[in-house]
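Take a look at the letters that make up each chain.
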Amino acid sequence: MNIGFPLINTVMPQKGESERLASKITPRLIELTYEAALKTYWRKNALRKFLRASHVAESFISSWASEESKREFLDRLFQKLQATDKGKAVIFQMAKSLSEQRTFPDLRNWEDSDVKIQTAHKAVQELKGYLDQQGKKIKTEKDRKNAREKAQKEKQRIQRSLTDKSKLQTNLDTMHSKVGTQKGGYEFESWFYELLDFCEIINRKPYNSGGRQIDGSLTLEGTTYLVELKFTKNQSGASDIDSLKAKVDKMADNTMGIMISISGYSRVAINAASGSKSTLLVFDASHLYLFLSGAMGFSDIISRVRRHASQTGEAYLPTNKFNG
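First, a word on what this report is: a plain description of the structure on this page. (Residues numbered from 1 in each chain as written. Predicted model: local features only at pLDDT ≥ 70, side-chain atom pairs only at ≥ 80, totals over all residues. Heavy atoms only, no water.)

The subject of this paragraph is the side chain of Asp215. Relative to the helices and strands, Asp215 is located in the loop between β3 (212-214) and β4 (217-220). One buried charged residue, Asp215, remains without a salt bridge, the closest side chain of opposite sign being Lys247 at 5.5 Å. A polar atom in the side chain of Asp215 sits 2.9 Å from the backbone nitrogen of Leu229. Residues contacting Asp215, with those up to four places away along its chain left out, are Glu189, Tyr193, Pro206, Val227, Glu228 and Leu229. (Helix = DSSP H or I, 4+ residues; strand = E, 2+ residues; numbered from the N terminus. Buried < 20%, exposed > 50% of the residue type's maximum accessible area, 1.4 Å probe, protein only. Lys, Arg positive; Asp, Glu negative; His and termini not counted. Salt bridge = Lys/Arg side-chain N within 4 Å of Asp/Glu carboxyl O. Polar contact = N/O pair within 3.5 Å; in protein donor to acceptor, adjacent residues only side chain to side chain. Contact = heavy atoms within 4.5 Å.)

Bringing the packing of aromatic side chains into the picture now. Under the defined criterion, the tally for this structure stands at twelve aromatic pairs. Centre to centre, the rings of Tyr41 and Phe50 are 5.0 Å apart; their planes meet at 25 degrees, and the pair counts as stacked. Accessibility classification places Tyr41 together with Phe50 in one group, the buried group. What links up through ring pairs into an aromatic cluster is the set Phe192, Tyr193, Phe198, Phe291 and Phe298. In this structure, Lys116 is placed above the aromatic ring of Trp42, and the distance from its NZ or CZ to the ring centre is 4.4 Å. When the ring centre of Tyr207 is taken as origin, the NZ or CZ atom of Arg204, which lies over that ring, is 3.9 Å away. (Phe/Tyr/Trp six-rings, centres within 6.5 Å; stacked < 30°, edge-to-face > 60°. Lys NZ or Arg CZ within 6 Å of the ring centre and 35° of its normal.)

Before going further, it helps to spend a moment on the nonpolar core. Generally speaking, soluble globular proteins have nonpolar side chains that are buried together. Core analysis: the largest hydrophobic core is formed by 36 residues, its most contacted members being Phe188, Trp191, Phe192, Leu218 and Phe298. Examining the composition of this core, we find that seven residues originate from one element, helix α10 (residues 182-198), more than from any other. Those residues in contact with Phe188 that sit more than four places away from it in its chain are Leu172, Met175, Leu229, Lys230, Phe231, Ile260, Ile262 and Leu288. Judged by nonpolar contacts, the second largest core, of 32 residues, contains Val56, Ile61, Met94 and Leu98. (Core = buried A, V, L, I, M, F, W, Y, C linked by side-chain atoms within 4.5 Å.)

Structure, rendered in structure tokens:
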């Protein structure tokens, strides 16, 4: 994207100081700073405040489109910052600020706050540890010169976390040999919530409600969906549908259910999930691979099936009919 406005506020270190800070930038430091910013600030507004305090220009922050995720915006920002010494100095100052964090206000009051805070703390500690190590290593002018030359030569490729899309696909492919096993079921459950976190879809990990085990939930476009995951060799049947319906019926209004069955559904199951007042949407492996292929975002896939259900009463829409 060609940005025709300033990237950095004018209130920045002088040229010599910018060059000194830029010399400390390495691909690993950029990766750790990126991950710490992503995991420390879950809400977009909180991330905006941090970037303003880090001297990123308001005009650039204002270019953040509503449909652009935090990952996409930070990818764009970090690629731009690496182009100049002043931009690299900004990255270093961001790294210092993030490494000094001890509390995480933006991660409070979530259903899974403990998990979010633990993940953010780990990212910050890794960043702090690297900065401390780097500070001990670069002591002489010769070391700083070598580090600067290395940083200038290496074009940083922002590395995703373990939930990188290509890794998600590799992990899912690997799990297919475990379909129908308890171990595979647990791995699939963990994998699915990694996918939701990657897509920045608000979710809650598996929990117990009134003696019923819930595979978790996700919230999208104002609707909360109870999640039911099936990693079985056989197709899901009508009894599986009835079980999820019973769970949804006990919840508040505007609650629906999402079932994802890796082996698909029997015709009877699809009919049981459908209907004029159906509260369920059903998905199979083809919907997951549609996302992994890059053809559609996962939230868009859910929205597409939801629209289809609203228009036809059918809870299932095959991916080959998405354009129909």
